[in-house]
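Architecture at a glance
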Amino acid sequence: SHKSMLVMVHRLADGEQMWIGTNGGGLFRFEKNQLQLFNATKLGLPSNVITALAKAKDGALLVGTNRGLARVQDEVATLIAETADFSITVINATAEGSLWVGTADQGLWYFDGQAWSQPPTGGKPPAAYITTILVDPQRSVWIGGKSGGIIRYMP
């Protein structure tokens, strides 16, 4: 029997390579006209459901899944333990090295290089399900929620 093709949900261009996340089929890397699969078993990802991709300041690939966030470096994935219970929806890695991570039901999280936290009350997102995060040149963080609304958070 023929299996249906998995739907690509996210992609990230990284120099000469393209990373492609799927909804249940893991992560693919397209490079030098070859497509290579990195699934949960082979790479150590927390899940084969890839929900977000970003590149960290140090060059590591950040992979959001429905079971947490992983850092991929040298073809090895390491789960970021603090995010193990999160269904990641969006990742924004800033030029300074900090991370903004949106989730499907736990709101917005921030990593300053040392520890994970949620923004103070003044930075409460418009919904628990975060759909978008944009850090502008003035370092303001724009956060959109699934049920509508957007806020501008100025750390």
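Description of the structure in this document. (Residues numbered from 1 in each chain as written. Predicted model: local features only at pLDDT ≥ 70, side-chain atom pairs only at ≥ 80, totals over all residues. Heavy atoms only, no water.)

Description of the side chain of R29
Counting through the fold element by element, R29 comes out in strand β3 (residues 27–31). Under the relative-accessibility criterion, R29 is labelled buried at 13%. Of the polar contacts made by the side chain of R29, one reaches the side chain of Q36; its length is 2.8 Å. A distance of 3.2 Å separates polar atoms of two side chains, one belonging to R29 and the other to E75. Beyond its immediate stretch of four places on either side in the chain, R29 contacts Q17, M18, W19, Q34, L35, Q36, F38 and E75. (Helix = DSSP H or I, 4+ residues; strand = E, 2+ residues; numbered from the N terminus. Buried < 20%, exposed > 50% of the residue type's maximum accessible area, 1.4 Å probe, protein only. Polar contact = N/O pair within 3.5 Å; in protein donor to acceptor, adjacent residues only side chain to side chain. Contact = heavy atoms within 4.5 Å.)

Details of the sheet that holds strand β9 (residues 88–93)
The antiparallel open sheet is built from four strands, whose spatial order is β9-β10-β11-β12. Two strands lie at the open edges of the sheet, namely β9 and β12 (116–117), each paired on one side alone. Judged from the four bridges that link them, strand β10 (residues 99–103) and strand β11 (residues 108–111) form a sheet pairing that is antiparallel. What sits directly across from W100, in β11, is Y110. (Pairing = 2+ DSSP bridges.)

Structural notes on the pairing of strand β15 (residues 150–153)
Burial along β15 is one-sided: the residues I151 and Y153 are buried and none of I150 and R152 is. Relative to β15, strand β14 (residues 141–145) runs antiparallel, the two sharing four bridges. By the bridge assignment for β15, G144 is matched with I150. With antiparallel pairing between neighbouring strands as the criterion, β14 and β15 make up a hairpin whose turn holds four residues, including G148 at a positive phi of roughly 105°.

Focus: the side chain of T51
Tracing the sequence through the fold places T51 in strand β5 (residues 50–55). What T51 contacts, discounting residues up to four positions off in sequence, is H10, G64, T65, N66, I88 and T89.

Quick notes on the nonpolar core
Of all hydrophobic cores here, the largest spans 14 residues; its most connected members are L62, L69, I88, I91, L99, V101 and W116. Sorting the residues of this core by element identifies β5, β9 and β10 as the ones contributing at least two each. Not counting the four nearest positions on each side in its chain, L69 is found in contact with L62, V63, G64, T78, L79, I80, T83, I88, I91, L99, V101 and W116. Formed by 13 residues, the second largest nonpolar core is a distinct cluster that contains L43, L53, A70 and A77. (Core = buried A, V, L, I, M, F, W, Y, C linked by side-chain atoms within 4.5 Å.)

Some remarks on the sheet that holds β14
The three strands lie next to each other as β13-β14-β15, forming an open sheet whose pairing is antiparallel. For this open sheet the edge positions go to β13 (130–135) and β15, each flanked by a neighbour on one side alone. Between one strand axis and the next, the sheet turns through 15° on average, direction left out of account. (Axes fitted to C-alpha atoms, helices over the stretch in contact; angles between N-to-C directions.)

Comments concerning the pattern of salt bridges
What the rule picks out here adds up to four salt bridges. Notably, a salt bridge pairs R29 with E75, separated by 3.2 Å at the nearest N-O pair. Pair noted here: R29 is in strand β3 and E75 is in the loop between β7 (68–73) and β8 (76–79), with a separation of 46 residues, a long-range link. As a salt-bridge pair, R71 and D58 come within 2.6 Å of each other at their nearest N and O atoms. Of this pair, R71 sits in strand β7 while D58 sits in the loop between β5 and β6 (61–65), and the two are 13 residues apart along the sequence. Taking the relative accessible area as the measure of exposure, R71 reaches 25% and is therefore partly exposed. Of the residues examined, D58 reaches a relative accessible area of 48% and is grouped as partly exposed. (Salt bridge = Lys/Arg side-chain N within 4 Å of Asp/Glu carboxyl O.)

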